[in-house]
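Letter by letter, the chains look like this.
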Amino acid sequence: SNNKTGVTGVYYRKDNGKYSALIKDNGRQICIGTFTNKEDAIKARLKAEIQYYGEFAPQKHLFEEYGIISSWQIQILWYNHNTKLIMRASYGNDI
């Protein structure tokens, strides 16, 4: 990450003293939320990565550190007829 929080998509806002979590989807920036706690912003960003990027989440190396793995099950199903990759993510009640 090239920002001061160390996590892509999580930024500290000096104007309100809070952390914003953002994600890009098809070129448009989506605000996930604004948080007083940096760790909450990071967790929200990582959960959004699963929702938007699935198995291609760019920061999946952080999932275990922030407890995301225990909340999520990612199942990859192959449909051989059209060689399509279908990904289904199911998550716990804590999101």
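None of the values given here were measured: they were computed from a predicted structure. Positions within a chain are numbered from 1, following the residues in the order the chain's sequence is written. This being a predicted model, a pLDDT of at least 70 is required before a residue's local features are given, and a value of 80 or more before pairs of side-chain atoms are given or counted; all residues contribute to the totals for chains, interfaces and linings. By convention in this description, side-chain values take in all heavy atoms of the structure and omit both hydrogens and water.

(A) Quick peek at the pattern of salt bridges. Between Lys or Arg on one side and Asp or Glu on the other, a salt bridge is scored when a side-chain nitrogen of the former is within 4 Å of a carboxyl oxygen of the latter. For the structure on display, the rule yields four salt bridges. Measuring nitrogen to oxygen at the nearest pair gives 2.7 Å for the salt bridge that ties Asp 15 to Arg 13. One salt bridge connects Arg 45 with Glu 49, and the closest N-O pair in it is separated by 2.9 Å. Of this pair, Arg 45 and Glu 49 both sit in helix H1 (residues 38-53), four residues apart, roughly one helical turn. For the exposure calls, accessible area comes from a 1.4 Å probe over protein chains only, and a residue counts as buried if that area is under 20% of its type's maximum, exposed if over 50%, partly exposed in between. Judged by its relative accessible area of 5%, Arg 45 falls in the buried class. The way it works is that DSSP assigns letters per residue, a run of H or I at least four long becomes a helix, a run of E at least two long becomes a strand, and they are numbered from the N terminus.

(B) Quick peek at H1. A helix is expected to reach a length of 1.5 Å times the quantity of its residues less one. Over its 16 residues, H1 extends 22 Å from the first C-alpha to the last, a length consistent with the 22 Å expected when each residue adds 1.5 Å. The complete set of buried residues in H1 reads Ala 41, Ile 42, Ala 44, Arg 45, Leu 46, Lys 47, Ala 48, Glu 49 and Ile 50. In protein, a polar contact means a hydrogen-donor-capable atom and an acceptor-capable atom, both N or O and within 3.5 Å, with residues adjacent in sequence counting only if both atoms are side-chain atoms; elsewhere, any N or O pair within 3.5 Å suffices. Backbone nitrogen of Glu 39 and a side-chain oxygen of the N-cap are separated by 2.6 Å at the start of H1; the cap is Asn 37. Just downstream of H1 lies Gly 54, where phi reads positive at about 55°.

(C) Focus on the environment of Lys 47. Relative to the helices and strands, Lys 47 is located in helix H1. Sequence separation of Lys 47 and Ile 32 is 15 residues, and the distance between their C-alpha atoms is 9.9 Å.

(D) Fine view of the sheet that holds strand S1 (residues 10-13). If you trace the three strands from one edge of the open sheet to the other, you get S1-S2-S3, paired in antiparallel fashion. Both edges of this open sheet fall to S1 and strand S3 (28-35), since each of them pairs with a single strand only. When the angles between neighbouring strand axes are averaged without regard to direction, this sheet yields 30°. As defined by bridge partners, strand S2 (residues 18-25) adjoins S3 across seven bridges and the pair is classed as antiparallel. Bridge pairing links Ser 20 to Thr 34 in S3. The contact definition used throughout considers only heavy atoms, calling two residues in contact when any of these lie within 4.5 Å. As a rule, the C-alpha atoms of each element are fitted with a line to give its axis, helices using only the stretch in contact, and angles between N-to-C directions run from 0 to 180 degrees. Those strands touched by H1 are S1, S2 and S3, and its axis lies near 10° from that of S2. The pairing criterion is simple: DSSP has to find at least two bridges between the two strands.

Bear in mind that shape data such as this cannot, by itself, settle questions of function.
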